[in-house]
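Given next are the chains, with one letter for each unit.
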Amino acid sequence: MGLRQRFRDFLEGRPTSRNSTQRAPIGVHPTAAMEEEWKELPEQVDGALKKLGSAVVSTWEVGASELARGLVGRADEKTLIDRYSDSLVPTLAPFQDLHKGCSSAMEQAWRAARQADDLRALTPPLVGLLAQLGDRATAGWAKTTEYLAPVFALAPDPAAERDRFLKAGAVLGQACVAREALLRTQLEKLPDASSLSVGINDAFDVWQEAMVRDIEMGVHAAVMPLATAIRRD
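Cut-offs used in this document
Per chain, residue numbering runs from 1 following the sequence as it is written. Residue-level local features of this predicted model are given only where pLDDT is at least 70; pairs of side-chain atoms are given and counted only at 80 or more, and the full residue set underlies all totals for whole chains, interfaces and linings. Only hydrogens and water are set aside when side-chain values are computed; all heavy atoms of the structure are taken into account. Going along the chain from the N terminus, every DSSP run of H or I of four or more residues is numbered as a helix, and every run of E of two or more is numbered as a strand. Partly exposed describes any residue whose relative accessible area lies between the buried limit of under 20% and the exposed limit of over 50%, with all areas from a 1.4 Å probe on protein chains only and scaled to the type maximum. Computed with the Shrake-Rupley method and a 1.4 Å probe, the accessible areas treat only the protein chains shown as cover for residues. Nonpolar core, defined: a set of buried Ala, Val, Leu, Ile, Met, Phe, Trp, Tyr and Cys residues in which side-chain atoms within 4.5 Å join the residues together. By definition, residues are in contact when any of their heavy atoms lie within 4.5 Å. The working definition used for a salt bridge is a side-chain nitrogen of Lys or Arg within 4 Å of a carboxyl oxygen of Asp or Glu. In this scheme, a helix's expected span is set at 1.5 Å multiplied by one less than its residue total. Planes of paired rings set the category: under 30 degrees apart is stacked, over 60 is edge-to-face and the rest tilted, where pairs are Phe, Tyr or Trp rings (Trp by its six-membered ring) whose centres lie within 6.5 Å. Over a ring means this: the NZ of a Lys or the CZ of an Arg is within 6 Å of the ring centre and within 35 degrees of the ring normal. Here a polar contact means two N or O atoms within 3.5 Å. Within protein one must be a hydrogen donor candidate and the other an acceptor candidate, and residues neighboring in sequence count only if both atoms are side-chain atoms. In this analysis an axis means a line fitted to C-alpha atoms, helices contributing only their contacting stretch, and an angle means the value between N-to-C directions, from 0 to 180 degrees. Note on angle classes: values under 35 degrees are labelled roughly parallel, values over 145 roughly antiparallel, values of 65 to 115 roughly perpendicular, and the remainder oblique. By the definition used in this description, the sense in which the near helix is turned from the far one sets the handedness, with an anticlockwise turn below a right angle giving left-handed and a clockwise turn giving right-handed. Just so you know the grouping, Ala, Val, Leu, Ile, Met, Phe, Trp, Tyr, Cys and Pro go in nonpolar, Asp, Glu, Lys and Arg go in charged, and all remaining residues, Gly too, go in polar.

Caption draft 1: Quick peek at the overall build of the chain. The helix and strand inventory of the chain stands at 10 helices and zero strands. Along the chain direction, N to C, the helices and strands of the chain fall in the order α-α-α-α-α-α-α-α-α-α. By the burial criterion, 41% of the 233 residues in the chain qualify as buried. Accessible surface, the chain: about 12600 Å² in total, of which carbon and sulfur atoms supply 53%.

Caption draft 2: Examining the nonpolar core more closely. Judged by nonpolar contacts, the single largest core of 60 residues is most densely connected at Trp-38, Phe-95, Leu-122, Leu-196, Ile-200 and Phe-204. A per-element tally of this core places helix H10 (residues 196-230) first, with 13 residues. In contact with Ile-200, other than residues within four places in its own chain, are Trp-38, Leu-41, Val-45, Leu-122, Leu-126, Leu-187 and Leu-190.

Caption draft 3: The pattern of salt bridges, seen in detail. Evaluated as defined, the whole model comprises 13 salt bridges. Between Arg-162 and Asp-163 there is a salt bridge; the shortest N-O distance is 3.5 Å. Between Asp-214 and Arg-179 there is a salt bridge, with the nearest N and O atoms lying 2.7 Å from each other. With Asp-214 in helix H10 and Arg-179 in helix H9 (residues 158-187), this pair connects stretches of sequence that are 35 residues apart.

Caption draft 4: Up close: helix H5 (residues 89-116). With 28 residues, H5 extends 40 Å between its outermost C-alpha atoms, agreeing within 8% with the 40 Å of an ideal straight helix rising 1.5 Å per residue. Inspection of H5 places Thr-91, Leu-92, Pro-94, Phe-95, Leu-98, Cys-102, Ala-105, Met-106, Ala-109, Trp-110 and Ala-113 among the buried residues, and these make up the whole buried set. Summarising the contacts, the buried residues of H5 are in contact with helix H2 (32-38), helix H3 (41-71), helix H6 (123-127), helix H7 (133-147), H9 and H10. Just past H5, the residue Asp-117 takes up positive phi, approximately 55°.

Caption draft 5: Layout of the packing of aromatic side chains. Going through the model one piece at a time under the given rule, you end up with seven aromatic pairs. On the numbers, 5.4 Å between centres and 65° between planes, the contact of Phe-152 with Phe-165 is edge-to-face. One end of the pair, Phe-152, is in helix H8 (residues 149-152); the other, Phe-165, is in helix H9, with 13 residues separating them in the sequence. By relative accessible area, which is 3% here, Phe-152 ends up buried. With centroids separated by 6.1 Å and ring planes inclined at 85°, the aromatic side chains of Phe-204 and Trp-207 adopt a geometry described as edge-to-face. With Phe-204 and Trp-207 both in helix H10 and three residues apart, the pair spans about one turn of that helix. Residue Phe-204 is classed as buried on the basis of its relative accessible area, which comes to 1%. Sitting over the face of the ring of Tyr-147, Arg-83 holds its NZ or CZ atom 3.8 Å from the ring centroid.

Caption draft 6: Structural context of the side chain of Glu-161. Tracing the chain through its elements places Glu-161 in helix H9. A polar atom in the side chain of Glu-161 sits 2.6 Å from the side chain of Arg-164. For Glu-161, the residues in contact, after removing those within four places along its chain, are Phe-152, Ala-155, Pro-225, Leu-226 and Ala-229.

Caption draft 7: Fine view of the packing of H3 against helix H4 (residues 77-86). In contact at an axis separation of 10 Å, H3 and H4 are set at 160° when each is read in the N-to-C sense. Between H3 and H4, the angle falls in the class roughly antiparallel. As H3 packs across H4, the resulting crossing turns out to be right-handed. Note on element contacts: H4 touches H3 through Glu-77, Leu-80, Ile-81, Tyr-84 and Ser-85, opposite Trp-60, Gly-63, Ala-64, Leu-67, Ala-68 and Leu-71. Considered class by class, the residues forming the contact of H3 with H4 number eight nonpolar, two polar and one charged.

Caption draft 8: A look at unusual backbone geometry. The backbone of Asp-117 shows a phi angle near 55°, a positive value even though the residue is not glycine. Inspection of the secondary structure assignment puts Asp-117 in the loop between H5 and H6. With a phi angle near 70°, Gln-132 is a residue other than glycine that sits in the positive phi range. If you trace the backbone, Gln-132 turns up in the loop between H6 and H7.

In structure tokens, the structure reads:
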């Protein structure tokens, strides 16, 4: 086959003598080679977990900028901005805590797979990383809401603004639960992956990308109307 024909086949998606061979699915049985491969994965999974906390912080900071515009010139401007910043701590904590459990969950997952001689045994410990995340996120948001009382007091209807803001916590919690199911579904595809690394990383990437979208949209939808509500005309 000439170079020109191989190039044409490549563009049209047809198999050629150089790209027709594909790696077989890894199947369900762990191997010694996979054990070596696994040693690289905790750091990569941890990187996916950390992106959630980064999304919370970055979206909250956008709200801080908008909030600051509505507080310019007030004697308590700095106090209120500091309060807004500090109020994020309980909401952020559940997402940051995922990092703390990563190493032990990865060890437990591989041990379970080896004992069962089945890669599908990886799923429960890895999904277990997210246990109670939805409830903790909702509870954390409630504490954030409580701490923001002095900011809500600036709105035309403080009680209504507080109630509106509080509802975002339930939405965030529900997203965590829904995305936990997504991670489980993705991990169940692992035996069909071309390698252990690809299967694990793809699963966590799909999950974290969905969670990051949910966080950014949910937090943004909560904080931007607050900034608008306290703005003085």
